[in-house]
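One letter stands for each residue in the lines below.
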Amino acid sequence: MAKESPKHHHQLESKRRRLTYILGVSGLCILFYVLGAWQNTAVPPTRQSDSEAYSKVGCDVPNSNPPPNPSLDFDTHHQIEMNNTDSADDFPPCDMSFSEYTPCQHPPRGRKFDRTMLKYRERHCPSKEELMFCLIPAPPKYKTPFKWPQSRDYAWYDNIPHKELSIEKAVQNWIQVEGDRFRFPGGGTMFPRGADAYIDDINELIPLTSGKIRTAIDTGCGVASWGAYLLKRNILTMSFAPRDTHEAQVQFALERGVPAMIGIMATQRLPYPARAFDMAHCSRCLIPWHQYEGLYLIEVDRILRPGGYWILSGPPVHWKKYWRGWERTQENLKQEQDAIEDVAKRLCWKKVIEKEDLSVWQKPINHIECIKSRSIYKTPHICKSDNHDAGWYKDMEACITPLPEASSSDEVGGGALENWPERAFAIPPRIRSGSIPGITPEKFKEDNDLWKDRLTHYKHIISPLTQGRFRNVMDMNAYFGGFAAALLKYPVWVMNVVPANSDQDTLGVIYERGFIGTYQDWCEAFSTYPRTYDLIHAGGLFSIYQDRCDITHILLEMDRILRPEGTVIFRDTVEVLVKIQGITNRMKWKSQIMDHESGPFNPEKILLAVKSYWTGNAPEK
C-alpha cells in the first residue's frame, strides 16, 4: 500500500487543530451563556404559599406568547438595574398590633384633635416622620374570603376576630357568630324583618327596579346590609361609616364583598362630586340633620342628582310610636322632625311620602323655582363658588349648590340620564355638554374600545378574573371608569378612584355612567381597612406621582389594602415599572413585566404582580 505523503498528513493535522479550536471556542461560548443565563434568572419561590400565589395568575411560564423580536425581552435587558434595587433589604412585618391599621383614621391620632362636630373622626394622616416602612400582617389564621354571592352572608371569624357587634347588635340581627364563621342575617336597627323586606317597603314608595335609580349612598351604614341587598336590584351603593363607632363595621362590609369606605359627616365635604347619587339613605344613622343650619342635609343635597331621593328611617320618624323606646321626650322628637322638615323645604325638596317607619323627600330636577324662592327663604343662599365637585379636604358650606341652568321647569339641570343599564355606555351629560375641557364624545368612545381590548388581554394573563376569584376591585386612576364598564358581566364591583390633583376631574362622569368612586391623593393612605381589595389596577398612576412623593409609600399602601394572594396590574413605561418591581420584590410580591396588548413595540408595558400569602404570629399569652 502506498504511504501517506508528509504534505497530506500536515493538511489533516491542520484541519484537526482548526476543528478542535472551533469546538473549544464554541464550548466556552455555550458555558458562559449558560452561566450568564443562570445569574440572570430570578430566584424561585422558596415557600409553597409563594409558589402557589405566583402560579395562580399564570406567571409561572414566562412569556407564553413570546414577542416576535427577541431583542424586546425586558427581563433580560433590564436585569442589572433590577438587581441593584433588589440589593436593598426586604421590608419587615409590622407589629401584630397594626393588623387593622388605618393610617388616616387611626384612633390614637384622632383623639388629639377637636371633638367639636366630630372633627377628631375625620381624616388625620400621619406626618412624614410617622410613616412606617413595614408590611401590615394578616391575622395568624387568615383564610381566603368566601366567593360572592356566598360572601354576602358569611365571613371567616379568623379574618376579622371581633365579636363585639354580634353582642352589641344581637337584637337588631346585624351579625351572628356560628362556629368558625360569621353569618349576616341582613338585619338592621330599623329593619327587624331583614334588609330585603325593608327594601321592598321602599320599592312601594319609589321605583327601585325601573333602572331610574342606579347609584345610592348609605350614611352610617353599619355592616352595609342595605347596600348588599340592593345589588340584586342593580343598584350600586356607596356605604360609609366612621372608624370604630362599632368595631370593624366597614371592614365587615368589605369582607362581605360589598362596597364601603371609612367616612363621616363632620366638617368636610364627602369625597364625591356634585350630582353623584340617585338616592341617599339614613337608617338611624345618628347624624344631627337639623343642626348647624342644616349643614349635613345641605351636603346630601350637593351630592344628590336632580330628582334624587333622600330616605330617612329612625328618629324622629314615626316618633309618636317609638318615643318611649328611644328614651326621648315627645316634645324633643317633634322639634327635631319639624326642624328637618324646615331644612328640606328651604332646600326646595318635596316631601314624597311618610309611611310608617319611612320618610321620603325628593330633590327638584332644576333650580328655577328654588332661585325664585330665595325672596321668601333667605337661607341657605345659593353658593357663589364655581367648583361644586370639589370633595377633597374641602369644608362644607351652608349654601345650596346650584344645579346647571335649565331653560324650562321640566328640563333636568345638567342633563337627563339614561336608565340603567343603557346608562353605562351612553355619552354622559358632563361630556355631552362640553363641561370638562379637552374631553369629547369621541374620546369617550375611544376609551370604551380601548378597554374591550385590554380586558380581552387581561383574561389571558389573569385566570382568576374569569373564575370568580376576585370581588372587590380598585382602579387607582379610573379616568372614565372604562375598566368598571368592561367588567360589568363579571361578579365584581369597582372602586373608581380619581386622583384629587388630576388635571381633569372625571369622577362626575363615572357617576353619570352608573358607577361609584372617590377622590384620593395617593401620597396619603386610602380610607379603608387592611386586606379589603382582591384586584388593584394602576394605569399610568406612578408617572403622575413619582415626582410628588416617595412611590415606596404608595406601594406599601397598596400592600396594606390588598388581600393575601391578591393581584395588581401596573401599566406604565419600562423605566417606571422597573422601579416598581424593585420595590415590590422587597414586599414579598412575585411579578413579571409583560408586553402591551398591542405588541412589543408599544412603549407602555404591563407589570403583573401577586402578593404572597403570609400571616403574622399570634401574640404570646
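Worth saying up front: this structure is predicted, and the values here are computed from it rather than measured.

Peer 1: Can you walk me through the overall build of the protein chain in this structure?
Peer 2: A tally of regular secondary structure across the protein chain gives 20 helices and 17 strands. Expressed as a percentage of the 621 residues in the protein chain, the buried residues total 53%. By sequence separation, contacts in the protein chain at least 24 residues apart represent 70% of the contacts at least 6 residues apart. As presented, the protein chain carries roughly 28300 Å² of accessible surface, and 53% of it is formed by carbon and sulfur atoms.

Peer 1: Explain the sheet that holds strand β10 (residues 358–362) here, please?
Peer 2: The strands making up a sheet are joined through hydrogen bonds of the backbone, oriented either antiparallel or parallel. Strand order in the open sheet made by the seven strands is β6-β5-β4-β7-β8-β10-β9, with mixed pairing throughout. Where the open sheet ends on each side, the last strands, each with one partner, are β6 (260–262) and β9 (350–355). Pairwise comparison of adjacent strand axes, ignoring direction, gives a mean angle of 20 degrees for this sheet. Packed onto the sheet, helix α7 (residues 195–203) meets β7 (277–283), β8 (304–313) and β10 and runs at close to 45 degrees relative to β10.

Peer 1: Whenever I open this one, the state of the cysteines confuses me. Can you help?
Peer 2: One covalent bond between the sulfur atoms of two cysteine residues makes up a disulfide. For the coordinates displayed, the defined rule picks out six disulfides. Put simply, cysteine 348 and cysteine 370 are joined by a disulfide, and their sulfur atoms are 2.0 Å apart. On the sign convention where negative means left-handed, the S-S torsion of about 80 degrees between cysteine 348 and cysteine 370 marks this disulfide as right-handed. On the criterion of sequence distance, the pair formed by cysteine 348 in the loop between α12 (330–346) and β9 and cysteine 370 in helix α13 (residues 368–372) is long-range, its members being 22 residues apart. Here cysteine 370 falls in the buried class, since its relative accessible area comes to 2%. Each sulfur in the disulfide pair cysteine 523 and cysteine 549 lies 2.2 Å from the other. Handedness here is read from the sign of the S-S torsion; for cysteine 523 and cysteine 549, about -90 degrees, the answer is left-handed.

Peer 1: Please explain the pattern of salt bridges as it appears in this structure.
Peer 2: Close approach of charged atoms lets side chains of opposite charge pair. Per the stated rule, a full pass over the model turns up 30 salt bridges. Its salt-bridge partner being glutamate 341, residue lysine 351 comes within 2.7 Å of it at the nearest N-O pair. Of the two residues, lysine 351 sits in strand β9 while glutamate 341 sits in helix α12, which places them ten residues apart along the sequence. Taking relative accessible area as the criterion, lysine 351 reaches 30% and is therefore assigned partly exposed.

Peer 1: I tried to follow the nonpolar core on my own but got confused; where do I start?
Peer 2: For soluble globular proteins, the rule of thumb is that nonpolar side chains tend to be buried together. Of all hydrophobic cores here, the largest spans 134 residues; its most connected members are Trp289, Trp310, Phe542, Met558 and Phe570. Those residues within four positions of tryptophan 289 in sequence are excluded, and the remaining contacts are Thr219, Met265, Cys282, Gly294, Tyr296, Leu297, Val300, Trp310, Leu312 and Ile340. Formed by nine residues, the second largest nonpolar core is a distinct cluster that contains Ala155, Phe182, Val223 and Ala248.

Peer 1: Just checking my understanding: could you explain α12 for this structure?
Peer 2: Since there are 3.6 residues in each turn of an α-helix, residues three or four apart along the chain are aligned in direction. For α12, which comprises 17 residues, the first-to-last C-alpha distance of 24 Å matches the rise-based estimate of 24 Å (1.5 Å per residue) to within 8%. Buried within α12 we find Leu333, Glu336, Gln337, Ile340, Val343 and Ala344. Projected onto a plane normal to the axis of α12, the buried residues spread over an arc of 125 degrees and lie on a single side. Residues of α12 that are exposed and point over 90 degrees away from its buried face: Glu331, Gln335 and Lys345. Buried residues in α12 make contact with α10 (295–303), β8, α11 (319–322), β9 and β10. With its phi angle positive at about 75 degrees, cysteine 348 sits one or two positions after the end of α12.

Peer 1: Just to check I follow, could you spell out helix α15 (residues 441–461) for this structure?
Peer 2: If you check α15, its first and last C-alpha atoms are 31 Å apart, about what 21 residues at 1.5 Å a residue would give, namely 30 Å. For α15, the complete set of buried residues consists of Phe444, Asp447, Asn448, Trp451, Arg454, Leu455, His457, Tyr458 and Ile461. The inward-facing, buried residues of α15 contact α14 (429–432), α16 (482–486), β14 (533–539), β15 (562–573), β16 (589–594) and β17 (604–611).

Peer 1: Looking at this structure, I do not really get the packing of helix α19 (residues 551–561) against helix α20 (residues 574–584). What am I missing?
Peer 2: If you want to describe how two helices pack, look at the angle between their axes and the distance between the axes. Close contact between α19 and α20 brings their axes to 10 Å; oriented N to C, the two are set at 55 degrees. Taken together, the axes of α19 and α20 lie oblique to each other. Like other packed secondary-structure pairs, α19 and α20 cross with a definite hand, here right-handed. Seen from α19, the contacting residues are Ile551, Thr552 and Leu555; seen from α20, they are Lys579, Ile580, Ile583 and Thr584.

Peer 1: For this particular structure, what's the right way to read the sheet that holds strand β2 (residues 176–178)?
Peer 2: Across the sheet, which stays open at both edges, the three strands sit in the order β1-β3-β2 with antiparallel pairing between neighbours. This sheet does not close on itself; its edge strands, each paired only once, are β1 (154–156) and β2. When strand polarity is set aside, the average angle formed by the axes of neighbouring strands in this sheet is 30 degrees. Here β1 runs beside strand β3 (residues 181–183); their pairing, made up of three bridges, is antiparallel. Within β3, the residue paired with alanine 155 across the bridge is phenylalanine 182.

Peer 1: Honestly, the side chain of asparagine 366 in this entry has me stumped. Any pointers?
Peer 2: Locating asparagine 366 in the fold gives a position in the loop between β10 and α13. Since its relative accessible area comes to 7%, asparagine 366 is described here as buried. A polar contact of 3.2 Å, which involves the side chain of asparagine 366, links it to the backbone nitrogen of isoleucine 368. A polar side-chain atom of asparagine 366 sits 2.8 Å from the main-chain carbonyl oxygen of glutamate 411. With near-sequence residues (within four places) excluded, asparagine 366 lies in contact with Leu403, Ala406, Ser408, Ser409, Asp410, Glu411 and Gly413.

Peer 1: Any chance you could explain empty space enclosed by the protein here in plain terms?
Peer 2: Counted under the stated rule, the structure contains four cavities of 30 Å³ or more. If you add up the space inside the largest cavity, you get close to 280 Å³. The wall of the largest cavity is formed by 22 residues, among which Arg123, Gly263, Ile264, Arg269 and Pro271 lie closest to the centre. Secondary structure elements with two or more residues in the lining of the largest cavity: β6 and β13 (517–520). The element that contributes the greatest number of residues to the lining of the largest cavity is β13, accounting for three residues. Classifying every residue of the lining of the largest cavity by side-chain character gives eleven nonpolar, seven polar and four charged.

Peer 1: Is there a simple way to think about a negative patch on the surface in this case?
Peer 2: Negative charge collects at one region of the surface, where Glu442, Glu446, Asp449 and Asp453 lie side by side. The topology assignment puts glutamate 442 in helix α15.

Rules used in this analysis
Residues numbered from 1 in each chain as written. Predicted model: local features only at pLDDT ≥ 70, side-chain atom pairs only at ≥ 80, totals over all residues. Heavy atoms only, no water. Helix = DSSP H or I, 4+ residues; strand = E, 2+ residues; numbered from the N terminus. Buried < 20%, exposed > 50% of the residue type's maximum accessible area, 1.4 Å probe, protein only. Contact = heavy atoms within 4.5 Å. Areas by Shrake-Rupley, 256 points an atom, 1.4 Å probe, with all protein chains shown as cover. Pairing = 2+ DSSP bridges. Axes fitted to C-alpha atoms, helices over the stretch in contact; angles between N-to-C directions. Disulfide = S-S within 2.5 Å. Salt bridge = Lys/Arg side-chain N within 4 Å of Asp/Glu carboxyl O. Core = buried A, V, L, I, M, F, W, Y, C linked by side-chain atoms within 4.5 Å. Expected span 1.5 Å × (residues − 1). Arc of directions from axis to C-beta. Parallel < 35°, antiparallel > 145°, perpendicular 65-115°, else oblique. Left-handed = near helix turned anticlockwise from the far one by under 90°. Polar contact = N/O pair within 3.5 Å; in protein donor to acceptor, adjacent residues only side chain to side chain. 1 Å grid on protein atoms, 1.4 Å probe; cavity = no way out; pocket = protein on both sides within 12 Å on 5 of 7 lines; lining within 4 Å. Points joined across faces, edges and corners; volume = space filled by probe spheres on them. Nonpolar A, V, L, I, M, F, W, Y, C, P; charged D, E, K, R; others polar. Patch = residues over 30% accessible without salt bridge, like charges linked within 9 Å, V, L, I, M, F, W, Y side chains within 5 Å. Lys, Arg positive; Asp, Glu negative; His and termini not counted. Charge placed at Lys NZ, Arg CZ, Asp CG, Glu CD.

The quantities given are spatial measurements derived from coordinates; they are silent on function.
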